[in-house]
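# Examination of the molecular architecture
One-letter residues, chain by chain:
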Amino acid sequence: MIADIRTDRIGGQQGFVLVGVIWFLACMTLVVGAAVLWIDRSRETLEAERQGVQRSFEERSMLSRLTWLMATHRLTAAGQTTPESAPADPSEMDPSMLSAGAELPLDGRELCWVNGFCVALIDRASRLSLNSSDPAAINALPLSLGVPAESTARMLRELALYQAAERGTASSLLARRRLRSPMEVFRLPSWQQWEELLVARGWSELVTVGEAGLNLNTASAAVLTQAWRVPEGGLLRLLDLRRERPILSGSDLENILGGYYGDIPPEGWSRLPSSVVLIRIRPRDGEVRHEFQLKLLPNSSSLPPWQFLQRRTLPSHASEIVEPQSPQTLPGLLAAPLVAGPWG
């Protein structure tokens, strides 16, 4: 009987040890599993960070190439020239502004290069200037974006009073206060109630503040129809002509618009691009894109040939993407492979 009791005790002790071993193995399995999961997640995080750093390197490389291109080549009436552009033919016009072929468009069309990046160049003069445009055009823009006529008249009056200096009047051009941003108008009470509507419908893409005239070689169809009220037939003819050659004179515009040409402000348009260019860059498969505002200073002896004014993040819009051109027709400087990442 004593032997039986001892056997039961030994069996109980062995069972207790076995249970402990099982619990220990279970805990170790959980610990090891958690460690493996943490390592996997850490590797995913590190890989995402590595890809982000490499993408930033590539974006900066692309921006540097575009900056170098703009600083060493020229803007013409047709766009930004590239090393592949033909030399300009002599003419009565300023030869530095003649179209030379192989120009990159400045009207916001997005081009996707074979190295995986998409680029769009936008001439700031392609937007309606709130400081210098005809009041009728400024009034027509919010009207076309859905603001009632009775409200636009009040908004225009308040804007004129806001731009008048303390000692000037609303009609005094010399005493006008100049807006510093397209969003500054929403400081005015009559504009504030329409801010959400106008911003949602592309206000910041249609207006600017620092240009003397609207460049008809780069202005979008939206600006031409909504601000200048260009009829559909005239708009199609204008866009068709721009695909063949730039608009260089008032006679070109008169031939395109016919009788409507008399309604165009005589000093409200230009054929030349601004010295400020907006550069939009994004990976072809990316969710966001960045916009860099670049001011060219080619004639300055004391400053660099360019100056970055600002950078902002924009959402990606698939509707603006065009099919990539063949590598043979792309500027080699932009289409060539980008720099390797920091890990090779």
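About the cut-offs
- Residues numbered from 1 in each chain as written.
- Predicted model: local features only at pLDDT ≥ 70, side-chain atom pairs only at ≥ 80, totals over all residues.
- Heavy atoms only, no water.
- pLDDT = per-residue confidence, 0-100.
- Helix = DSSP H or I, 4+ residues; strand = E, 2+ residues; numbered from the N terminus.
- Contact = heavy atoms within 4.5 Å.
- Buried < 20%, exposed > 50% of the residue type's maximum accessible area, 1.4 Å probe, protein only.
- Polar contact = N/O pair within 3.5 Å; in protein donor to acceptor, adjacent residues only side chain to side chain.
- Pairing = 2+ DSSP bridges.
- Core = buried A, V, L, I, M, F, W, Y, C linked by side-chain atoms within 4.5 Å.
- Phe/Tyr/Trp six-rings, centres within 6.5 Å; stacked < 30°, edge-to-face > 60°.

This next bit is on the confidence of the model for the chain. Confidence in the prediction for the chain averages 79 pLDDT; 81% of positions are at 70 or higher. The weakest mean pLDDT in the chain belongs to helix α10 (residues 332-335) at 74; the strongest belongs to helix α4 (residues 189-192) at 94. Here residues 340-344 scores under 50 on pLDDT; set against residues more than four positions off or in separate chains, the count is six contacts.

Attention now moves to the environment of Thr76. For Thr76, the location among the structural elements is in the loop between α1 (2-72) and β1 (111-112). On the accessibility criterion, Thr76 (0% relative accessible area) is buried. Here the side chain of Thr76 touches Ala78 through a polar contact of 2.9 Å, landing on its backbone nitrogen. Within the structure, Thr76 has its side chain in polar contact with the side chain of Glu103 (distance 3.5 Å).

Right, let's get into the pairing of strand β7 (residues 276-283). Taken across its eight residues, β7 has eight buried, putting it largely inside the fold. Of the two faces of β7, the one lined by Val276, Leu278, Arg280 and Arg282 and the one lined by Val277, Ile279, Ile281 and Pro283 are each fully buried. The sheet contact formed by strand β2 (residues 117-123) and β7 spans seven bridges and is antiparallel. What sits directly across from Phe117, in β7, is Pro283. Linking two consecutive strands that pair antiparallel, namely β7 and strand β8 (residues 288-296), is a turn of four residues.

The next thing to look at is the nonpolar core. Counting 40 residues, the largest nonpolar core has Leu128, Trp191, Leu198, Trp203, Leu224 and Trp228 as its most contacted members. Of all the elements in the fold, those that place two or more residues in this core are α2 (135-144), α3 (149-163), α6 (203-206), α7 (221-226), α8 (232-244) and α9 (250-257). The greatest single-element share of this core, amounting to four residues, is contributed by α8. Counting residues in hydrophobic clusters, the runner-up holds 21 residues, among them Leu63, Leu66, Leu69 and Val119.

Our next topic: the packing of aromatic side chains. In this structure the tally under the stated criterion is four aromatic pairs. Measuring from ring centre to ring centre gives 6.3 Å for Phe186 and Trp191, while their planes differ by 75°; the resulting arrangement is edge-to-face. Assessed through its relative accessible area of 1%, Trp191 is described here as buried. Through pairs of rings, three or more aromatic residues link up here, namely Phe186, Trp191 and Trp203.

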